[in-house]
Amino acid sequence: MTDTLHLTVQHPRSGLAIAVVAGEVDLHTADTLRHEASEIIQQGCPHLILDLSQVGFCDSAGLSALIGLWHATQAVGGALRLANVPDRLMRMLTLTGVDTILPIHATSAEALTAMTDSPSTSTRDQAQSSVTPPATGLVNRPECSAGL
C-alpha cells in the first residue's frame, strides 16, 4: 500500500465537479480522499463525479470514505456518482450493497449526462436523503457556486 493519492479536478458545469482519483484508497489514503473531495463539495460543487479508473486498490477504509462522501453531497442537496469503477472495486460495491445507494456509470461522460439530465439530483438520490442541507457554509467559487 502507498501513502500517495491524487485527485485531478475538472469543472464541466457550474456546481459540478469531476475528480479523477489516482492511487490506492486504503487505510493510509482514505482520509486524503475524504478531505480533498469534501473541500470540493464545500467550495460550492455539491454534485460530484468520482472517476475511479486509476484506483488500483480500495479497502474498507476507502469504501467508508466513499459512503461518507455520498452523505456529504446529500447534506448539501447534491449527489455523488461513481464512474469507471475497476472490476475488483465493483465486486466489493456489489457484495456490500453500496451499489444500491451510489449510482455507478461506465464512464465519466455517462455520469455527467445522467447528472445534467436531472438538474438537482435523481429521484432515487432525493428519496434516500434524510439530511437537511445547511443554509450557509459554502465558499463561492465561480466554477462551482451555482446549481446545475
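All figures in this text were calculated on a predicted structure; none of them were measured in a lab.

Trainee: How do you make sense of the environment of Asp 51 when you look at a structure like this?
Mentor: Counting through the fold element by element, Asp 51 comes out in strand β3 (residues 47-58). Separated by 2.7 Å, the side chains of Asp 51 and Ser 53 make a polar contact. A polar contact is formed between the side chain of Asp 51 and the side chain of Ser 108, at a distance of 2.8 Å.

Trainee: Whenever I open this one, helix α3 (residues 87-96) confuses me. Can you help?
Mentor: Side chains that are three or four residues apart share a direction in an α-helix, a result of its 3.6 residues per turn. Within α3, the full set of buried residues consists of Leu 89, Met 92 and Leu 93. The buried residues of α3 all sit within an arc of 100° when viewed along its axis, so they share a single face. Opposite the buried face of α3, at more than 90 degrees from it, the exposed residues are Asp 87, Arg 88 and Leu 95. Against the buried residues of α3 lie β3, α2 (60-75), β4 (79-83) and β5 (104-105). A positive backbone phi angle near 85° is found at Gly 97, which sits one or two residues after α3.

Trainee: Looking at this structure, I do not really get the nonpolar core. What am I missing?
Mentor: Nonpolar side chains in soluble globular proteins generally cluster together in the buried interior. Counting residues in hydrophobic clusters, the biggest one holds 31 residues, and the most contacted among them are Leu 7, Val 21, Leu 33, Leu 48, Leu 50, Leu 52 and Leu 82. Aside from chain neighbours lying at most four places away, what touches Leu 33 is Leu 5, Leu 7, Val 21, Val 25, Ser 38, Ala 65, Leu 66 and Leu 69.

Trainee: Whenever I open this one, the sheet that holds β3 confuses me. Can you help?
Mentor: Note on sheets: strands pair through backbone hydrogen bonds, and any given pair is parallel or antiparallel. If you walk across this open sheet you meet the 5 strands as β1-β2-β3-β4-β5, and the pairing is mixed. The strands lining the two open edges of the sheet, one partner per strand, are β1 (5-13) and β5. As paired elements, β3 and β4 share 5 bridges and run parallel to each other. Looking at the pairing, Leu 48 lines up with Leu 80 of β4. Together, β1, β2 (16-25) and β3 form the strand contacts of helix α1 (residues 30-42), whose direction differs from that of β1 by roughly 20°.

Trainee: Looking at this structure, how should I read the pattern of salt bridges?
Mentor: Where charged atoms of side chains with opposite charge meet at close range, the side chains can pair. If you walk through the whole model with that rule in mind, you get 1 salt bridge. Residue Asp 31 is joined to Arg 34 by a salt bridge in which the shortest nitrogen-to-oxygen separation is 2.7 Å. With a gap of 3 residues between them, Asp 31 and Arg 34 both fall in helix α1, about one helical turn apart. For Asp 31, a relative accessible area of 54% corresponds to the exposed category. The partly exposed category is assigned to Arg 34, whose relative accessible area is 27%.

Rules behind the numbers
Residues numbered from 1 in each chain as written. Predicted model: local features only at pLDDT ≥ 70, side-chain atom pairs only at ≥ 80, totals over all residues. Heavy atoms only, no water. Helix = DSSP H or I, 4+ residues; strand = E, 2+ residues; numbered from the N terminus. Polar contact = N/O pair within 3.5 Å; in protein donor to acceptor, adjacent residues only side chain to side chain. Buried < 20%, exposed > 50% of the residue type's maximum accessible area, 1.4 Å probe, protein only. Arc of directions from axis to C-beta. Contact = heavy atoms within 4.5 Å. Core = buried A, V, L, I, M, F, W, Y, C linked by side-chain atoms within 4.5 Å. Pairing = 2+ DSSP bridges. Axes fitted to C-alpha atoms, helices over the stretch in contact; angles between N-to-C directions. Salt bridge = Lys/Arg side-chain N within 4 Å of Asp/Glu carboxyl O.

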